[in-house]
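# A closer look at the structure
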Amino acid sequence: MKSTKHRLLQADFNQACKELKERREMIEDLREENKLLIELASSQLQLIKFVNKIMFETTKHQRSLPIEEQNSELLDLAWSTNDCLGDTPRQKELIELLKVKGVDITK
């Protein structure tokens, strides 16, 4: 027959093991969420860079045309979109902070 002290210690140990297992599962879930968020941020950054490049090239092409052949609405749209999607100082700062932490979303 086990002593009361032993049973209490066993119950405490079992509770600690249960909590540890729950925390491990929570950490694994957070790691998976983090991985997915990094993947999402990376794909969004690539998409933004792609659209930005298209808008820049559209602006460049429209400006190379004679004035009477330029589509001013398209030029304005491309120019303003290029301005909106350009790298902001805050974006650059966040990307650098992530790189320092070992996360590169620019791939």
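You'll find the structure just up there.
Analysis parameters
Residues numbered from 1 in each chain as written. Predicted model: local features only at pLDDT ≥ 70, side-chain atom pairs only at ≥ 80, totals over all residues. Heavy atoms only, no water. Helix = DSSP H or I, 4+ residues; strand = E, 2+ residues; numbered from the N terminus. Rg over C-alpha atoms; globule rule 2.2 N^0.38 Å. Areas by Shrake-Rupley, 256 points an atom, 1.4 Å probe, with all protein chains shown as cover.

In terms of helices and strands, the chain carries 3 helices and 0 strands. Starting at the N terminus and ending at the C terminus, the chain contains elements arranged as α-α-α. Over its C-alpha atoms the chain spans a radius of gyration of 27 Å, topping by over 25% the 13 Å that the globule rule assigns to 107 residues. Its C-alpha atoms give the chain principal-axis dimensions of about 100 × 20 × 20 Å. Summed over all atoms, the accessible surface of the chain reaches about 9,100 Å², with 59% contributed by carbon and sulfur.

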